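# Understanding the architecture of this molecule
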Amino acid sequence: MFALMQSTRTQSLHLFTDPPTGLKAVVAIHSEQLGPAMGGCRYLPYADDESAMTDAIRLAQGMSYKAALAGLPLGGGKAVIMRNPHVENRAALFEAFGRFVDTLQGRFIIAIDSGTSTLDMDCIAQSTPHVTSTTACGDPSPHAAMGVFAGIRATTSFRLGSDDLQGLRVAVQGLGNVGYALAEQLHAAGADLLVSDLDPGRVRLAVEQFDAKPITNDALISTPCDIFAPCGVGPVLNGQSVMQLRCAAVAGAANNQLTTLQVADQLESRGILYAPDYVINAGGLIYVALTHRGEDLGTITAHLARIPTRLTEVFGHAQAEKRSPARVAQMLAERLLYG
C-alpha cells in the first residue's frame, strides 16, 4: 500500500472503525496543494480491505487532477465505507463516520458518491460541518450529467466535425443517477441510445422513456456505435476490452475508466478519441464545491460551461504532440499541482 501511495503521490491514508455501528471506512487524501481535499464517499461492498484502500487512493488522485483542471481551489480526497450486507442502523453508521471526518479538522470535505445519498450526507452533517451534498445543497448528479453531455458534444465536434448529436449512436453503460440523467439529455438532443445496466428496471425505464435499445453488459462494449459512454463503477477499459470497442470516441461519466495509461495509448493507436474521465466528469465536483462556498446557480452554470473548453484544449495538445489525451491531461494536472 505504501508503494501505491508513493507512485500516486498520495499524501495520507486514514482508517476508521466503529464496532457499535459496524463502520469500516477509509479516507485517502491525495493532495492539499491547492486547498482542502474534497471527494465523495462510496458505500459499496469490497472483496477485501486492500481493494477498498486501493479504490480510495486511485479515486483521490483523480479528484486532485479533476479539481486542478476545473480551476477549483481544492485538493483531492476520497472516502470508502465497506458495505456490510446487514446494517442495523444506517443513520448511526454515517453519523459515526461524520465524527471521524471531523477529526481531520477540515482537511477533507465529504460529498455524495456511489452508494450514498443526500440523506446519508445529512447524517454525516450531524457530526461535522465538513460535508456537502446534503438535502439542503441538492443532488449533484444532474449537474454532473450536464458537464458530461457538454463534453460529449465537444468530443463529437473534435472527432466527427460537428457537435450535432441528432442520429448519433451513443452506448451508455450504467444507468445510475448520472448515467440516467445523461441518457435523458442525449435523447432530447436526438441521439439513438444503446443502454445497459445491472438493474433491469433501469434499463426498462430507459427503453420506455428514451426509446433506447437494451444491450447486455457484456455485449455493449463491442456493439458498433459513435460514442461509448462508460457511466458505471470501476475501470472498464483494459487491454482486452479496448480491442473490442467499435466506436469513434469514448466519453463518459465513470471515474477511473482506464486500468493503466498504456490502455490510453492503445485507444490512440486504434484511432479512438478518449475524453479523460476527470476532465469530462468534473460537473459534480464543480457543483458541490461551489455550493459549499455558497455560490449561486448562475456562477455554477458558468463554471460548468468551461468543461468543453478544457476538453478541447486537451484534445488539441494531444493532436499536436501525437500523444493520448489521457497523458496530456495528466501532464497539465501535475503541472498545476507540482509546478
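Higher on the page you've got the structure.
Residues numbered from 1 in each chain as written. Predicted model: local features only at pLDDT ≥ 70, side-chain atom pairs only at ≥ 80, totals over all residues. Heavy atoms only, no water.

On to the side chain of Ser 241. Mapped onto the elements of the fold, Ser 241 is located in helix α9 (residues 239-242). Here Val 236 takes part through its backbone oxygen, which lies 2.8 Å from a polar atom of the side chain of Ser 241. Other than its neighbours up to four places away in sequence, Ser 241 contacts Ile 221 and Val 236. (Helix = DSSP H or I, 4+ residues; strand = E, 2+ residues; numbered from the N terminus. Polar contact = N/O pair within 3.5 Å; in protein donor to acceptor, adjacent residues only side chain to side chain. Contact = heavy atoms within 4.5 Å.)

Most of strand β5 (residues 108-112) is tucked away: five of the five residues are buried. With five bridges connecting them, strand β3 (residues 37-44) and β5 associate as parallel partners. Across the sheet, residue Cys 41 finds its bridge partner in β5, namely Ile 112. (Buried < 20%, exposed > 50% of the residue type's maximum accessible area, 1.4 Å probe, protein only. Pairing = 2+ DSSP bridges.)

So, on to the environment of Val 328. Relative to the helices and strands, Val 328 resides in helix α15 (residues 325-338). Looking at Val 328, the relative accessible area reads 0%, which means it is buried. Sequence-wise, Val 328 and Pro 276 are 52 residues apart; in three dimensions their C-alpha atoms are separated by 9.2 Å. Discounting chain neighbours no more than four positions away, the residues touching Val 328 are Val 314, His 317, Ala 318, Glu 321 and Arg 323.

To continue, consider the pattern of salt bridges. Summed over the entire model, instances satisfying the criterion amount to 11 salt bridges. Measuring nitrogen to oxygen at the nearest pair gives 3.3 Å for the salt bridge that ties Asp 163 to Arg 153. Taken as a pair, Asp 163 in the loop between α5 (141-160) and β6 (169-173) and Arg 153 in helix α5 lie far apart in primary sequence, 10 residues in all. Looking at Asp 163, the relative accessible area reads 35%, which means it is partly exposed. With relative accessibility at 33%, the residue Arg 153 sits in the partly exposed group. A salt bridge links Arg 323 to Glu 321; the nearest nitrogen and oxygen atoms lie 3.3 Å apart. Overall, Arg 323 belongs to the partly exposed group, its relative accessible area being 30%. Exposure remark for Glu 321: the relative accessible area of 34% places this residue in the partly exposed category. Three or more residues joined by partner-sharing salt bridges are found here, namely Arg 42, Asp 55, Lys 78 and Asp 113. (Salt bridge = Lys/Arg side-chain N within 4 Å of Asp/Glu carboxyl O.)

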